[in-house]
Amino acid sequence: MTTFADRAAELRQQLNYHIYRYNVLGSPIITDAEYDRLYHELKQIEAEHPELVTTDSPTQRAGSDLSEDFPKVPHAAPILSLANAFSEEDLRAWEERNRKLLPSDAVLDYTLEPKLDGLTVVITYENGILVKAATRGDGEQGDDVTNNVRTIRNVPLKIPVDPNGPPAPGRLVVRGEVLFLKKDFEALNKRQEAEGLPLYINARNTASGTLKQKESRITASRPLTAYLYNIVTVVGYEWEKQWDTLNYLRDLGFPVAPDVGYYPTLSDIIQQLPTWESRRSQLDFEIDGVVIKINNLLIADELGFSGKDPRGAIAYKFPAEEMSTKLIGVTVNIGRTGKVTPTAQLEPVFLGGVTVVNASLHNYDQIARLDIRLGDTVIVKRSGEVIPYVIGPVTGARDGSETSILPPTHCPHCQTPVIQLDGLIDYFCPNRHCPERIFRSIEFFVSRGAMDIEGMGPQTVKTLIERGLIQDEADIFTLKRESLMDLEGFADKKVDNLLASIEAARHRPLPQLLASLGIDGVGEVVARLVADHFGSMDGVLSANVQAIDDIEGIGPVLAQNVVDWFADEHNQQVLKKMRAAGVTMQAEAKVIASDSLSGKTFVLTGTLPTLSREQAEAIIESHGGKISGSVSKKTSYVLMGDQPGSKADKARQLGVPIISEAQLWEMVGENPTESNTNPQNPTQPTLL
Ligand code: IVH
């Protein structure tokens, strides 16, 4: 007969394993609901038999409240920091210095690890049980944050997590970094926002504040993550390579940062650096560089220290993404929809490799919520391709001279009073004839992602408006050679080129025109869906919300936007003028070969033997089939070629039939050798 003690032990073991699969491996094998059921069963047994509660029980993760200041914990060995490198030369010089201290035949190979931008944590396990966790403190002793670290879901309370893993050493002290994953930090701020609480500005500082919370319940409610990377001391395990450390930690069930790598030479490492820098903004967590470690720990040990820094490892720092600077002004921008956007003017600051003087302030609501004031020292962030933005003020740097930032009462371009529509955060200039709105709208219409009229940059648009040559998008198509010749800097050649670009734009496909009109939410994909469905501008014009909402992939809000835009008299007028100017308003005729695949949805994966992806898609569509990007139960077939991706696995899992190119040909009743594989003309065409 199973006793409660046995069942509790079994549940502990199972739950800890599922937490590990979920948080560390990222591949759960049970649903959240199943997890909850097991968790509650354990909780119930423990409630009735408190003597069965153990420190490694998952129920102990959300722990008790600590009320006193944190006790201090002496570290088993000094918790050191690293020297920094900022260039390839710095790294080469580091290796050279090391070589001079080593025998000439010493082999130097390396590991490359992300430099996680969190805070150090030192965790002690005795006989496999987490018994102590401390912050770095002064390197000699840190704060006891054991109860808080116990609430971090991916930190194992007991190792090995997998019973088949290596046996737990008698004593193990590991070092790692605690941080917020970007998505968790965003979610935390969404929660703050929903509760009307101030937003957190910096993930690292918030992680630090969270780890040092006196109330573990608060720590538990904020989803911290940890990654471990070093062994500080261990009793009962021998090893001599950093790469083995990482594997051993992983085998015990510790979370190790993804993308750690082993490289035989420093040159290999240096080759990796640009990739790391460019991937930085796409990682799940913030990094401020990479750490390069000599793989052979005996050599690293032998090298000793330079001052306080170990010679065996170095931090290669990326340019800072966040800097503080002074907010010296706020400019008001009016967009094509009339939306008022505040932009920060900054004292120049070198950020992520460029000098930044302007940054987004998002909107006035955000300014008020973050209490950003003119004259404040602010933190500015520039990450990857994202436009630099103000994260928030450094309130401690205020001297009392700072002033509030309020939304403008009038549009700076047309002096119309600005309005804030019910339920919307943004302010708007409601004047459709506002010169700035017209300019922004035409600027968007001609831009590369829209109608792509080459030679018509923002300056030219501005000049044409100022000269009264265009008042809306449609006027572009009736511009006369003589009036263009009159413009300063426009000689024969330039005018010819511009007129040729306008001529080309007149014949752009309907979806491109639709996507260029600036309808809220209507980009390339939606425009194509709408154009395919209605076949002409007139079709869209006469459609109601219901008809548009019926299109797969379009929701009611978007449908309403489209209807509103087409109901507007001014917009109708512009379209009328475009039509009169010969702008294409019909969808291209579709080639229909048969309806043999009608009602069938296909997903493509891998490289096909003879057809390109586009050709295969065209063939399927021309026989009435549909293409989808992801496999679901509704998928009829997965068309698989060489080196298929995860879609093939998903198909097998769901029991969706997988077919080859040859089988596709069979389905459409064709022989590829006889057939014309031109996607425009797959078989005998019937024009719609
Ligand atoms: S190794 C003596 N590895 O960066 C060993 N540190 O500037 C020193 N850090 O204080 C640490 N990711 O908090 C190491 N993969 C990593 C790291 C890492 C982040 C932090 C750590 C350290 C600081 C050094």
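The text that follows walks through the structure, step by step, so that each part is easy to find. (Residues numbered from 1 in each chain as written. Predicted model: local features only at pLDDT ≥ 70, side-chain atom pairs only at ≥ 80, totals over all residues. Heavy atoms only, no water.)

With that out of the way, let us pick up the pairing of strand β16 (residues 354–360). Both strand β15 (residues 340–351) and β16 contribute to a ladder of 6 bridges, which runs antiparallel. Across the sheet, residue V349 finds its bridge partner in β16, namely V356. A loop of 2 residues connects β15 with β16, the two strands running antiparallel in sequence, and G352 in this loop sits at a positive phi of about 55°. (Pairing = 2+ DSSP bridges. Helix = DSSP H or I, 4+ residues; strand = E, 2+ residues; numbered from the N terminus.)

What follows is about the sheet that holds strand β8 (residues 225–235). Strand pairing within a sheet occurs via backbone hydrogen bonds; the two strands may be parallel or antiparallel. The 4 strands lie next to each other as β5-β4-β7-β8, forming an open sheet whose pairing is antiparallel. Two strands lie at the open edges of the sheet, namely β5 (129–135) and β8, each paired on one side alone. Adjacent strand axes in the sheet meet at a mean angle of 25° when their direction is disregarded. Here strand β4 (residues 119–126) pairs with β5 via 6 bridges, running antiparallel. Bridge pairing in β5 places V121 opposite T135. Contacts from helix α8 (residues 242–252) reach β7 (171–179) and β8, with the element oriented near 110° to β8. (Axes fitted to C-alpha atoms, helices over the stretch in contact; angles between N-to-C directions. Contact = heavy atoms within 4.5 Å.)

With mixed pairing, the 5 strands of this open sheet are ordered in space as β2-β13-β10-β3-β9. Each edge of the sheet is formed by a strand with only one pairing partner; in this case those strands are β2 (83–85) and β9 (261–263). Taking the axes of each pair of neighbouring strands and ignoring which way they run, one obtains an average angle of 35° across the sheet. The sheet contact formed by strand β10 (residues 287–294) and strand β13 (residues 313–317) spans 5 bridges and is antiparallel. From the neighbouring strand, I292 faces β13, where its bridge partner is I314. Here α8 sits on the sheet and contacts β3 (110–116), β9 and β10; the angle it forms with β3, its principal contact strand, is near 55°. Packing of helix α9 (residues 266–279) onto the sheet brings it into contact with β3, β9, β10 and β13, and relative to β3 it is tilted by some 25°.

Counting residues in each nonpolar core, the largest one holds 65 residues, and the members touching the most others are L91, I123, Y125, V149, L172, F254 and I292. When residues in this core are grouped by element, the largest group, 6 residues, is from β8. Discounting chain neighbours no more than four positions away, the residues touching L172 are I123, T124, Y125, I159, I231, T233, V234, L252 and F254. The next biggest cluster of nonpolar side chains, apart from the first, holds 51 residues, and it includes F445, M456, I519 and V530. (Core = buried A, V, L, I, M, F, W, Y, C linked by side-chain atoms within 4.5 Å. Buried < 20%, exposed > 50% of the residue type's maximum accessible area, 1.4 Å probe, protein only.)

Evaluation of the coordinates by the stated rule reveals 32 salt bridges. E88 serves as the salt-bridge partner of R92, at 3.5 Å between the closest nitrogen and oxygen. Pair noted here: R92 and E88 are both in helix α3 (residues 88–101), with a separation of 4 residues, about one helical turn. With relative accessibility at 36%, the residue E88 sits in the partly exposed group. Sharing partners across several salt bridges, the network here consists of D371, R373, D376 and R398. (Salt bridge = Lys/Arg side-chain N within 4 Å of Asp/Glu carboxyl O.)

Relative to the assigned elements, T343 resides in strand β15. By relative accessible area, which is 17% here, T343 ends up buried. For the pair T343 and F566, spaced 223 residues apart in the sequence, the C-alpha separation amounts to 31 Å. One polar contact links T343 to N333, side chain to side chain, over a distance of 2.5 Å. (Polar contact = N/O pair within 3.5 Å; in protein donor to acceptor, adjacent residues only side chain to side chain.)

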